Amino acid sequence: MQIGFNFTLNGTLDMVRRMLRERQIDYCELLIDNFLNVPVKELADAFECPVGFHIMLSKFLENDRETLEKLAKQIRIFIDALQPVYVSDHLLRFAPNGRNLFYLGEIDYAQYDPVRNRVEQWQDMLGVQLHLENYPSIMDGGWEQPEFFRKLCRETGAGVLFDASNAVVARHNCGASLDAWNDVISSTRHFHVAGYGPSFLDPRVIVDSHDREMAPDTLEFLRSMRAAFDKPGSTITYERDFEIEYDSIAIDLERLREIFPHAEDTTNESLVACAG
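Owing to the predicted nature of the structure, the values given are computational and were not obtained by experimental measurement.

Participant: Looking at this model, I keep getting lost on the overall build of the protein chain. Mind explaining?
Facilitator: If you tally the helices and strands in the protein chain, you get eleven helices and ten strands. Counting only C-alpha atoms and orienting by the principal axes, one finds that the protein chain spans roughly 50 × 40 × 35 Å. Out of the 276 residues in the protein chain, the part that is buried amounts to 53%. Surface summary for the protein chain: the accessible area is close to 12,700 Å², and the carbon and sulfur share equals 50%. The distance from the centre of the 27 positive side-chain charges to the centre of the 45 negative ones in the protein chain is 2 Å.

So this is what it looks like as structure tokens:
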């Protein structure tokens, strides 16, 4: 298992390089939306190590085809230059019926065909397999997600970027079983994990907050399914977007390394060299 960290803003560049230099991480996940105006060579030179691409704001379920084609053309330049380990996006609603949401919304899993068509179009535009992240459900969509993802991936060729903490959040909010994801975990190679916490709007609701260390039940989930998560070519990206404190992140990265130790000492030689 390769362990990575999400790089979202230039302000954390030195911290991420230190993580690579000290072998706390093996690769870097780029929130590629934030770097589309950076010269490709400059971005490639900043991270001469494996990278993954995470797309946040394509809004591919809602944007028109012309907008998506323009965005895909930009992203493909970076794909061709940096050859990311994976390219991922989300199944989300940003503004259903034209109304902007405070929290990004879960899709209606009963509306399968429109989602499938959009996934096929967006994946074709990007020219690579698209890995789609599961949602931290608040309501009963948590029960419907696993089967929806299985069918969608089977029929479109897309993959799953399985967020372990999102599945735990869904269990807290709606009781959805973690076991329902077992075959998805076994069949995908790319994972996310982060801390979660109560919503400030309603503390009874748990949200994927990315602002604290991983919860004990998230860690126990990873340990209990370690053999299914850890396979050749697998990656797990630790996400922290708020309360970015190096020592706290380092503690969580060490916890992940205890669960997923280095497979081979030689795998990081190039990473150490590029991180200097």
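That shown, we press on.
Participant: So what exactly am I meant to see when it comes to the sheet that holds strand β3 (residues 51-54) here?
Facilitator: The strands that make up a sheet are held in pairs by hydrogen bonds between backbone atoms, and each pair lies either parallel or antiparallel. Pairing within the closed barrel is parallel, and its eight strands lie in the order β1-β2-β3-β4-β5-β6-β7-β10. The average undirected angle you get between the axes of adjacent strands in this sheet is 30°. As paired elements, strand β7 (residues 190-194) and strand β10 (residues 235-239) share five bridges and run parallel to each other. Looking at β10, one finds that H190 is bridged to T235. Of the strands in this sheet, β4 (87-90) and β5 (130-133) are in contact with helix α4 (residues 112-126), which crosses β5 at around 135°.

Participant: Quick question: what am I supposed to make of the packing of aromatic side chains here?
Facilitator: Two measures describe an aromatic ring pair: the distance that separates the ring centres and the angle between the ring planes. Under the defined criterion, the tally for this structure stands at 13 aromatic pairs. For the pair F162 and W181, a centre-to-centre distance of 5.2 Å together with 55° between the ring planes defines the contact as tilted. Here F162, found in strand β6 (residues 159-163), pairs with W181, found in the loop between α6 (164-174) and α7 (182-187); they are 19 residues apart in sequence, far enough to count as distant. Neither F162 nor W181 differs from the other in exposure class; each is buried. With centroids separated by 6.3 Å and ring planes inclined at 40°, the aromatic side chains of F162 and F229 adopt a geometry described as tilted. Highlighted residues: F162 in strand β6 and F229 in helix α9 (residues 226-229), separated in sequence by 67 residues. For F229, a relative accessible area of 0% puts it in the buried group.

Participant: Hey, could you run me through the environment of N182 in this one?
Facilitator: Tracing the backbone through its elements, the reader meets N182 in helix α7. Owing to a relative accessible area of 27%, N182 belongs among the partly exposed residues under this scheme.

Participant: Hey, could you run me through the layout of surface pockets in this one?
Facilitator: Left-over empty space is what a probe sized like a water molecule reveals as it rolls over the atoms. In this model, the largest pocket occupies a volume close to 970 Å³. Lining the largest pocket we find 35 residues, and of these M56, L104, D208, H210 and D241 sit closest to its centre. Grouping the amino acids of the lining of the largest pocket by side-chain chemistry returns 17 nonpolar, eleven polar and seven charged.

Participant: Where do I start with the confidence of the model for the protein chain in this structure?
Facilitator: Should the pLDDT be low somewhere, the predicted coordinates at that spot are not to be read in detail. Chain-level statistics for the protein chain give a pLDDT mean of 92 and a share of 94% at 70 or above. In the predicted structure, residues 265-276 sits below a pLDDT of 50 and forms 21 contacts with residues beyond four places in sequence or in another chain.

Participant: In this structure, what is going on with unusual backbone geometry? I would like to understand it.
Facilitator: Working note: non-glycine residues mostly have negative phi, and peptide bonds are mostly trans. With a phi angle near 50°, K59 is a residue other than glycine that sits in the positive phi range. As for its position among the elements, K59 is in the loop between β3 and α3 (65-82). Of note in the backbone geometry, E243 takes a positive phi value of approximately 50° without being a glycine. Note that E243 resides in the loop between β10 and α10 (246-259).

Participant: Just to check I follow, could you spell out the pattern of salt bridges for this structure?
Facilitator: Two side chains with opposite charge may pair up if their charged atoms get near one another. Scanning all chains against the criterion turns up 15 salt bridges. Across the pair D26 and R257 runs a salt bridge, and its minimum N-O distance is 3.3 Å. Here the residue D26 occupies a position in the loop between α1 (13-21) and β2 (27-31), and R257 occupies one in helix α10, the gap between them amounting to 231 residues. On the accessibility criterion, D26 (1% relative accessible area) is buried. Here E213 and R255 are joined by a salt bridge, their closest N and O atoms 2.7 Å apart. On the criterion of sequence distance, the pair formed by E213 in the loop between β9 (206-207) and α8 (216-224) and R255 in helix α10 is long-range, its members being 42 residues apart. Its relative accessible area of 26% is what places E213 among the partly exposed residues.

Participant: Just checking my understanding: could you explain α4 for this structure?
Facilitator: Every α-helical turn comprises 3.6 residues, leaving residues that sit three or four positions apart pointing alike. For α4, built from 15 residues, the straight-helix expectation of 21 Å at 1.5 Å per residue is met to within 8% by its first-to-last C-alpha distance of 21 Å. Those residues of α4 not exposed but buried are Y112, V115, V119, W122, Q123, M125 and L126. End-on, the buried residues of α4 take up no more than an arc of 165°, which puts them together on one face. Across from the buried face of α4, at angles greater than 90 degrees, the exposed residues are D113 and D124. Positive phi shows up at G127, right after α4, with a value of about 75°.

Calculation rules
Residues numbered from 1 in each chain as written. Predicted model: local features only at pLDDT ≥ 70, side-chain atom pairs only at ≥ 80, totals over all residues. Heavy atoms only, no water. Helix = DSSP H or I, 4+ residues; strand = E, 2+ residues; numbered from the N terminus. Buried < 20%, exposed > 50% of the residue type's maximum accessible area, 1.4 Å probe, protein only. Areas by Shrake-Rupley, 256 points an atom, 1.4 Å probe, with all protein chains shown as cover. Lys, Arg positive; Asp, Glu negative; His and termini not counted. Charge placed at Lys NZ, Arg CZ, Asp CG, Glu CD. Pairing = 2+ DSSP bridges. Axes fitted to C-alpha atoms, helices over the stretch in contact; angles between N-to-C directions. Contact = heavy atoms within 4.5 Å. Phe/Tyr/Trp six-rings, centres within 6.5 Å; stacked < 30°, edge-to-face > 60°. 1 Å grid on protein atoms, 1.4 Å probe; cavity = no way out; pocket = protein on both sides within 12 Å on 5 of 7 lines; lining within 4 Å. Points joined across faces, edges and corners; volume = space filled by probe spheres on them. Nonpolar A, V, L, I, M, F, W, Y, C, P; charged D, E, K, R; others polar. pLDDT = per-residue confidence, 0-100. Salt bridge = Lys/Arg side-chain N within 4 Å of Asp/Glu carboxyl O. Expected span 1.5 Å × (residues − 1). Arc of directions from axis to C-beta.

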